[in-house]
Amino acid sequence: MKFKLILGGAALLLTASAFAQTKWDLPAAYPATNFHSENLVQFANDVDKATGGKLKITVHPNAALFKAPEIKRAVQGGQAQIGEMLLVNFQNEWQIFGADGIPFLADSYDDALKLWKVQKPMLDKKLAADGMMALYAVPWPPQGIYAKRPLASAADLKGMKWRAYSPATARIAELVGAQPVTVQAAELSQAMATGVIESYMSSGSTGFDTKTYEHIKYWYDTQAWLPKNAVIVNKKAFDALDKPTQDALLKAAADAEVRGLAASKKANNDSLDKLKANGMQILPPSAALKADMKKVGDTMLKEWLDKAGPEGQQLVDAFRK
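Positions within a chain are numbered from 1, following the residues in the order the chain's sequence is written. Restriction of local features to residues with pLDDT of at least 70 applies here, the model being predicted, together with a cutoff of 80 or more for giving and counting side-chain atom pairs; totals for whole chains, interfaces and linings are based on all residues. The basis for every side-chain value is the complete set of non-hydrogen atoms in the structure, without hydrogens or water.

Focus on the pairing of strand 10 (residues 228–234)
Argument step 1. Counting buried positions along strand 10 yields seven of seven residues, so the element is predominantly enclosed.
Argument step 2. The classification of residues rests on relative accessible area computed with a 1.4 Å probe and restricted to protein chains. Under 20% of the type maximum is buried, over 50% is exposed, and intermediate values are partly exposed. Under the scheme used here, helices are H or I runs from DSSP no shorter than 4 residues and strands are E runs no shorter than 2 residues, and both carry numbers assigned from the N terminus. Across the two faces of strand 10 the burial is the same, with Lys228, Ala230, Ile232 and Asn234 and Asn229, Val231 and Val233 all buried.
Argument step 3. In this scheme, strands are said to pair when DSSP sees at least two bridges between them. Sheet topology places strand 3 (residues 82–86) next to strand 10; five bridges connect them, and they run antiparallel. Along strand 10, the bridge assignment pairs Met85 with Ala230.
Argument step 4. Pairing of strand 4 (residues 132–139) with strand 10 involves seven bridges; the strand directions are antiparallel. Bridge pairing links Val138 to Asn229 in strand 10.

Right under this line is the structure:
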């Protein structure tokens, strides 16, 4: 009788290992209702379905697990197996990360995709050296300027408290004479409510997510750049998956990239409509403001190329072909 019980236990163990489940955590920095986060959840569901539940990915939105600047290191160190990072946040580590944050270099969805094509092979090489790989990337809607008061030209931004969340947004503040204040997405609503910031550059999507219309009434559609969120994975964690699971993950990622682009375009239109409905003025930039911001873009491209060196020049040349 005892012998039978032992055998039964062994059979149970075998059955459990045959259906061994791998669990991954995916930290993300934006609210659960943001289109990027919704896309991540759909991606995780697709992976679950395609692998028959063998790989379970739990999405942790709104910086619940790690704050935006910590996500890349968490994936690199294996504290999270997979994560979503805003590429421009890491420009100080490697200039190519900041390529899609250079004002007016790539200022449309078509240009954003073109830039990603030339950026990705460089990114793959860099991430591989750090024990990671990129699965997919999705651009944010075009960036405009939120301001507490009307802007006739860049001179009107002088002295204004300006949200900086990346090296590029901090540099824009310096060039227009605004005061840069570092505020991550999860703290943005609070920063506006307490008067810590009076202006910032971002998409209509972030403006609606953070109820910016409760504090700021003007948004200028400068279409300055379309920064991308990339989903990265720890290479050891990826290599530990069997081949069918890897293939399912890559297929779900390719689908998420296509779906994410469509969601970004839709979010852009929807969020601007919602901002208007909540009393925000959505305005085209004046000729003077446009010219001033173009100058800022030219200065920043030159500075970026000086730092990025031949690698940066190669990227810009390939993009402009």
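A word on the packing of aromatic side chains
Argument step 1. Aromatic contacts are taken between Phe, Tyr and Trp rings whose centres are within 6.5 Å, Trp giving its six-membered ring; a plane angle under 30 degrees counts as stacked, one over 60 as edge-to-face, and the others as tilted. Evaluated as defined, the whole model comprises eight aromatic pairs.
Argument step 2. Residues Phe43 and Tyr136 carry aromatic rings whose centres are separated by 5.6 Å and whose planes lie at 65° to one another, so their mutual orientation is edge-to-face. Within this pair, whereas Phe43 is found in helix 2 (residues 35–50), its partner Tyr136 is found in strand 4, the two being separated by 93 residues in sequence.
Argument step 3. The buried category is assigned to Phe43, whose relative accessible area is 0%.
Argument step 4. Given a relative accessible area of 2%, Tyr136 falls into the buried group.
Argument step 5. Every member of this aromatic cluster is reached through a ring pair, and the members are Tyr30, Phe35 and Trp140.
Argument step 6. Between the NZ or CZ atom of Lys114 and the centre of the ring of Phe319, over which it lies, the distance is 5.3 Å. Comment: the charge-over-ring label is applied if NZ (Lys) or CZ (Arg) is within 6 Å of the ring centre and within 35 degrees of the ring normal.

Some remarks on the packing of helix 5 (residues 167–176) against helix 10 (residues 287–320)
Argument step 1. Lines fitted to the C-alpha atoms define the axes, with helices restricted to the stretch that makes contact. Angles between their N-to-C directions range from 0 to 180 degrees. It is the contact of helix 5 with helix 10, at a shortest axis distance of 10 Å, that shows an interaxial angle of 125°. In terms of their interaxial angle, helix 5 and helix 10 are classed as oblique. In the packing of helix 5 onto helix 10, the handedness of the crossing is right-handed. Where helix 5 approaches helix 10, its residues Ala168, Arg171, Ile172, Leu175 and Val176 are matched on the opposing element by Met293, Val296, Thr299, Met300 and Glu303.
Argument step 2. Amino acids outside the nonpolar list (Ala, Val, Leu, Ile, Met, Phe, Trp, Tyr, Cys, Pro) and the charged list (Asp, Glu, Lys, Arg) are all regarded as polar, and Gly is one of them. Here the contact of helix 5 with helix 10 is composed, by residue class, of seven nonpolar, one polar and two charged. An angle counts as roughly parallel when it lies under 35 degrees, as roughly antiparallel when it exceeds 145, as roughly perpendicular when it falls between 65 and 115, and as oblique in every other case. Definitions for this section: a left-handed crossing has its near helix turned counterclockwise from the far helix by less than a right angle. A right-handed crossing has that turn clockwise. Any two residues whose heavy atoms approach within 4.5 Å at even a single point are treated as in contact.

Describing the nonpolar core
Argument step 1. Counting 88 residues, the largest nonpolar core has Phe43, Ile57, Leu135, Leu249 and Trp304 as the members making the most contacts within it.
Argument step 2. Counting residues per element, this core draws most heavily on helix 10, which supplies eleven residues. The criterion is simple. A nonpolar core is a set of buried Ala, Val, Leu, Ile, Met, Phe, Trp, Tyr and Cys residues joined through side-chain atoms within 4.5 Å.

Details of the environment of Gly78
Argument step 1. Secondary-structure assignment places Gly78 in the loop between helix 3 (71–77) and strand 3.
Argument step 2. C-alpha of Gly78 to C-alpha of Ala164: the two residues are 86 residues apart in sequence and 28 Å apart in space.

Here's the deal with the sheet that holds strand 3
Argument step 1. Ordered by their spatial adjacency, three strands build an open sheet running 3-10-4, and the pairing between neighbours is antiparallel. The open sheet has two free edges, formed respectively by strand 3 and strand 4, since each of these has just one partner strand. Averaged over all pairs of adjacent strands, the angle between their axes in this sheet comes to 25°, without regard to strand direction.
Argument step 2. This element, helix 4 (residues 109–129), spans strand 4 and strand 10 of the sheet and lies at about 170° to strand 4.

As for the pairing of strand 7 (residues 179–182)
Argument step 1. Summarising the sheet, strand 6 (residues 161–164) and strand 7 pair through four bridges and their orientation is parallel. Note on strand 7: the bridge partner recorded for Trp162 is Pro180.
Argument step 2. Assignment of crossover handedness uses the view with strands pointing away from the viewer, where a clockwise path from the first strand over the helix to the second indicates a right-handed crossover. Of the crossover connections in this fold, the one passing from strand 6 over helix 5 to the parallel strand 7 is right-handed.

Concerning the confidence of the model for the protein chain
Argument step 1. Across the protein chain, the average pLDDT comes to 93, with 94% of residues at or above 70.
Argument step 2. pLDDT is a per-residue confidence score from the predictor, ranging from 0 to 100. Contacts of residues 1–7 to residues separated by more than four positions or lying in other chains number zero contacts, the stretch itself having pLDDT below 50.
Argument step 3. Predicted confidence is poor over residues 10–17, with pLDDT under 50, and the contacts of this stretch with residues over four places away or in other chains come to zero contacts.

Focus: the pattern of salt bridges
Opposite charge on two side chains lets them pair, provided their charged atoms get close.
Argument step 1. We define a salt bridge as a side-chain nitrogen of Lys or Arg found within 4 Å of a carboxyl oxygen belonging to Asp or Glu. A full pass over the atoms with the stated rule returns 15 salt bridges.
Argument step 2. As a salt-bridge pair, Arg259 and Asp46 come within 3.4 Å of each other at their nearest N and O atoms. Here Asp46 lies in helix 2 and Arg259 lies in helix 9 (residues 243–277), a separation of 213 residues in the sequence.
Argument step 3. Residues Lys120 and Asp124 are paired through a salt bridge, measuring 3.0 Å at the closest nitrogen-oxygen approach. Of this pair, Lys120 and Asp124 both sit in helix 4, four residues apart, which is roughly one turn of the helix.
Argument step 4. Look at Lys120 and you get partly exposed, because its relative accessible area is 25%.
Argument step 5. Where salt bridges share partners, they join Arg171, Glu174 and Glu303 into one cluster.

Focus: the side chain of Thr245
Argument step 1. Residue position: Thr245 is located in helix 9.
Argument step 2. Using a relative accessible area of 6% as the deciding quantity, one classes Thr245 as buried.
Argument step 3. For Thr245, the contacting residues outside a window of four places in its chain are Thr51, Lys54 and Leu55.

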